[in-house]
Amino acid sequence: MNFNSHMDVVIRVAAELVNLLTEGEDRGRRYLPPEGDERTAAVAAIVQAAGGREATWEEAAELCFVAAELRGIFEAVGAGAVDDAAAQVNAMLIRTGARPALEQHDGQPWHLHFHSADNTLPNGWAAGCATGLAVVLGGELYDRLGVCTAPRCDRVYVDTSRNGTRRYCSTSCQNRVKTAAFRARLS
């Protein structure tokens, strides 16, 4: 299941930023986001893999706030509160001044990008991620966004499977749940 090439990228970046930059639990263990140069390098890897430029230390730090906003959207969808998620997306779109632009690059056909009014890296990615999530929430595939349902894990995911039944952030969490269920049946 793909939304379209650019939307897939910004929605994937949204989930990756949330999972990298927000504190919580990951696969049964406490998760603390990286800090300092480690955070900058990790954010740069995500942004550059998506076709963006390298982030500075300050920009990586600002993206922590964006990730917290994005987490709220994933959590609202995961809890079935789509109206709340839509309100949060709308607030991000207004805050960033998201504006559409048709772009053509890397041999791709024309496609829609969204930029922020100030074109800073953090607001640019916030505008793009918010717009991607708005497209998903505005369609019938909003339930493809979620928070891992495994115990002691709160990482987010985007379900791109054909049948739309994903409920875990990773195969590791899925296997943890299945193993626990198997052991419970044996005892």
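Going by the structure above, here's the rest.
Let me sum up the structure you'll find in this document. (Residues numbered from 1 in each chain as written. Predicted model: local features only at pLDDT ≥ 70, side-chain atom pairs only at ≥ 80, totals over all residues. Heavy atoms only, no water.)

Points about the pattern of salt bridges
Pairs can form between side chains of opposite charge once their charged atoms are near each other. Rules: The salt bridge definition used is simple: a Lys or Arg side-chain nitrogen within 4 Å of an Asp or Glu carboxyl oxygen. In this scheme, a residue with accessible area under 20% of its type's maximum is buried, one over 50% is exposed, and one in between is partly exposed, where area comes from a 1.4 Å probe on protein chains only.
All told, the structure shown has 10 salt bridges when counted by the stated rule. Here Arg30 makes a salt bridge to Glu23, at a shortest N to O gap of 2.1 Å. Arg30 gets classed as exposed once you look at its relative accessible area, which sits at 54%. With its nearest N and O atoms 2.9 Å apart, the salt bridge here joins Arg155 to Asp154. Since its relative accessible area comes to 3%, Arg155 is described here as buried. One network of salt bridges, with partners in common, ties together Arg71, Glu75, Asp154 and Arg155.

With respect to the environment of Gly128
Using the following cut-off: For helices the rule is a DSSP run of H or I covering at least 4 residues; for strands it is a run of E covering at least 2, with both sets numbered from the N terminus onward. Two residues form a contact once any of their heavy atoms are found within 4.5 Å.
Looking at where Gly128 falls in the secondary structure, it is placed in helix H5 (residues 121–137). C-alpha separation for the pair Gly128 and Val9, spaced 119 residues apart in sequence, amounts to 9.5 Å. Beyond its immediate stretch of four places on either side in the chain, Gly128 contacts Val10 and Phe114.

Describing the side chain of Arg39
Applicable threshold: We score Asp and Glu as negative and Lys and Arg as positive, and we do not count His or the chain ends.
Residue placement: Arg39 occurs in helix H2 (residues 36–49). Here Arg39 sits buried without a salt bridge, and the closest side chain of opposite charge, Glu35, lies 6.1 Å off (N-O distance). Excluding its chain neighbours within four sequence positions, the residues that come into contact with Arg39 are Leu21, Pro34, Trp57, Ala60, Ala61 and Cys64.

Some details on helix H3 (residues 57–78)
Put simply, the test is: By this rule the span expected of a helix is its residue count minus one, scaled by 1.5 Å.
Helix length check: H3, at 22 residues, gives a terminal C-alpha distance of 31 Å against a target of 32 Å (1.5 Å per residue), a fit within 8%. Following H3 by one or two positions, Gly80 has its phi on the positive side, about 80°.

Some remarks on the packing of helix H4 (residues 82–96) against H5
For clarity, the cut-off: Fitted lines through C-alpha atoms serve as axes, helices being fitted only where they are in contact, and the angles separating the N-to-C directions of these axes extend from 0 to 180 degrees. Two helices cross in a left-handed way if the nearer one is turned anticlockwise from the farther one by less than a right angle. They cross in a right-handed way if the turn is clockwise.
At their nearest, the axes of H4 and H5 sit 9 Å apart, and the two run at 145° to each other. Of the two possible hands of crossing, H4 and H5 adopt the one that is left-handed. For the pair H4 and H5, contact is made by Val82, Ala85, Ala86, Val89, Met92, Leu93, Arg95 and Thr96 and by Asn123, Ala126, Ala127, Ala130, Thr131, Leu133, Ala134 and Leu137, respectively.

Some details on the packing of H3 against H5
Threshold: For classification purposes, angles smaller than 35 degrees are called roughly parallel, those larger than 145 roughly antiparallel, those between 65 and 115 roughly perpendicular, and all remaining angles oblique. Under the grouping applied here, Gly and all other residues not named as nonpolar or charged are polar, the nonpolar ones being Ala, Val, Leu, Ile, Met, Phe, Trp, Tyr, Cys and Pro and the charged ones Asp, Glu, Lys and Arg.
Contact geometry for H3 and H5: axes closest at 9 Å, N-to-C directions at 15°. Classified by the angle between their axes, H3 and H5 sit roughly parallel to one another. Between H3 and H5 the crossing geometry is right-handed. Where H3 approaches H5, its residues Glu59, Glu62, Leu63, Val66, Leu70, Ile73, Phe74 and Val77 are matched on the opposing element by Leu121, Pro122, Trp125, Ala126, Cys129, Leu133 and Leu137. Taken together, the residues of the contact of H3 with H5 sort by class into 13 nonpolar, no polar and two charged.

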